[in-house]
Amino acid sequence: MDKPKVVLGVSGGIAAYKACELLRRLTESGHDVRVVPTESSLHFVGAATWSALSGHPVSTEVWNDVHEVPHVRIGQHADLVVVAPATADMLAKAAHGLADDLLTNTLLTARCPVVFAPAMHTEMWEHPATQENVATLRRRGAVVIEPAVGRLTGVDTGKGRLPDPGEIYEVCRRVLARGPVAPDLAGRHVVISAGGTREPLDPVRYLGNRSSGKQGYALARTAVARGARVTLVEANTGLPDPSGADVVRVGTAVQLREAVLKAAEEADVVVMAAAVADFRPAEYVAGKIKKKDGQEPAPLVLVRNPDILAEVAADRAAPGQVVVGFAAETDNVLANGREKLRRKGCDLLVVNEVGERKTFGSEENEAIVLAADGSETPVPHGPKEALADTVWDLVSARLG
Ligand SMILES: Cc1cc2nc3c(=O)[nH]c(=O)nc-3n(C[C@H](O)[C@H](O)[C@H](O)COP(=O)(O)O)c2cc1C
């Protein structure tokens, strides 16, 4: 079988050196990679490096090997184009269809999925011009990975850092695995909650649950690969940020509610995968509760937490917003799930059986996705990303 053909576009950002590692990962995992750098990017990494690592000639302009018509052929024959790093300038050119070098010509002739991994200073990223260019590219079906937050060129830190090459590689792998289909969540904003809330009793103790957040993170990673802008509201997972997603950290159910409702105001989809505590201690004791000789501890009084899923479903930010819930059940799994779907008013409910050593913390899951229209989709035992992809298939069909 022919190797999948990948075009690696490299534009002129300081993070161009990280693209060498991305190239290595792609070639070592069996991809045929053609590197197309911009003229500016050669100030950072020279053509010799790209040529030696890829095993192909390298050119920045359309005037070399003209008999092969490279400005058309490279894009036409690609299974994937990934631009990493994508400068503010490159995003602007791509959004406006400019074609003044080999990479921009390639972007216009490619009919395969295209991934942009932007990297720039925070000010450049946040500028309305860049944000509008990103929105245009996403609306047209490109996968634009959100930059990471961290150290930038020089001494400053902020949003704008190129995600780790390994993470960009994973996004490419997922996009290629979906085949030549357009990313179906491109242009959509999805909000995902993940993890388990902790309800403090005193400064050192809390009521918690066993949720690891792995299912929510799998939903975030797969949504990025399907082109969505992802806001991940995470509670106490300790997991590394999934590349390409904006991460909001919370601790308690009340904090999670606030973060989800805020993000949901401009979301197309809300997926509540977090295990939110139903109850919290009625009283928070400011100092550590002490044992007292000869005395039993005071009984623990609990109060109800807000029902965030029901609230999001009842009070949708826009009429077409799709709301997905998760139900973790230990017994009467299906009957309880059907009842919960009716009570919560969401569009889809992912019902899975949980136990001390079942599902929580595992890399795998098994579930039935119940829909408000009465359909039920069983998902066999398998990786959490497979369940996540089934959820996105069902969501995508409902987004219309
Ligand atoms: C040291 C240095 C670092 C730069 N880093 C970035 C960057 O990370 N992101 C960016 O958008 N532009 C960056 N620039 C500016 C771009 O190189 C400049 O906009 C250039 O025109 C981009 O050309 P290209 O998009 O054709 O590669 C940097 C410039 C210099 C001199």
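What you see is a predicted model; the values in this text were computed from it and never measured. (Residues numbered from 1 in each chain as written. Predicted model: local features only at pLDDT ≥ 70, side-chain atom pairs only at ≥ 80, totals over all residues. Heavy atoms only, no water.)

K.L.:
Would you mind showing me how to read the sheet that holds strand β1 (residues 5-10) here?
P.N.:
Each strand in a sheet pairs with its neighbour through backbone hydrogen bonds, running either in the same direction (parallel) or in the opposite one (antiparallel). Pairing is parallel across the open sheet formed by five strands, whose spatial order is β2-β1-β3-β4-β5. Sheet topology places β2 (32-37) and β5 (143-144) at the edges, where each strand pairs with a single neighbour. On top of the sheet, helix α8 (residues 165-177) reaches β1, β3 (80-86), β4 (114-118) and β5; it is set at about 160 degrees to β3, its chief contact. (Pairing = 2+ DSSP bridges. Helix = DSSP H or I, 4+ residues; strand = E, 2+ residues; numbered from the N terminus. Contact = heavy atoms within 4.5 Å. Axes fitted to C-alpha atoms, helices over the stretch in contact; angles between N-to-C directions.)

K.L.:
Is there a simple way to explain helix α7 (residues 128-139) in this structure?
P.N.:
Because an α-helix packs 3.6 residues into every turn, residues spaced three or four apart end up facing the same way. Taking 1.5 Å as the rise per residue, α7 with twelve residues should run 16 Å; its terminal C-alpha atoms sit 16 Å apart, in good agreement. Thr-130, Asn-133, Val-134, Thr-136, Leu-137 and Arg-138 are the residues of α7 that are buried. On its buried side, α7 packs onto α4 (88-96), β4, α6 (122-126), β5 and β11 (229-235). Gly-141 occupies a position one or two residues after α7 and carries a positive phi of about 110 degrees. (Expected span 1.5 Å × (residues − 1). Buried < 20%, exposed > 50% of the residue type's maximum accessible area, 1.4 Å probe, protein only.)

K.L.:
I keep staring at the side chain of Asn-305 and nothing clicks. Help me out?
P.N.:
Mapped onto the elements, Asn-305 comes out in the loop between β15 (302-304) and α11 (308-314). Side-chain polar atoms of Asn-305 contact the side chain of Arg-280, separated by 2.6 Å. Setting aside residues up to four positions removed in sequence, Asn-305 forms contacts with Glu-199, Ala-253, Val-254, Ala-277, Asp-278, Phe-279 and Arg-280. (Polar contact = N/O pair within 3.5 Å; in protein donor to acceptor, adjacent residues only side chain to side chain.)

K.L.:
Explanation requested: the site of the ligand in the structure shown.
P.N.:
What surrounds the ligand is a group of 14 residues, the closest being Gly-12, Thr-38, Thr-87, Ala-88 and Asp-89. Contact distances for the ligand include 3.4 Å between a nitrogen atom and a backbone N or O atom of Ile-14. At 2.8 Å from an oxygen atom of the ligand is found a main-chain nitrogen or oxygen belonging to Ala-88. For the ligand, the accessible surface in isolation is 640 Å², of which the surrounding protein chains cover 65%. Broken down by element, the shell around the ligand gets its largest block of residues, three residues, from α4. Split by residue class, the shell around the ligand holds seven nonpolar, six polar and one charged. (Near = heavy atom within 4 Å. Areas by Shrake-Rupley, 256 points an atom, 1.4 Å probe, with all protein chains shown as cover. Nonpolar A, V, L, I, M, F, W, Y, C, P; charged D, E, K, R; others polar.)

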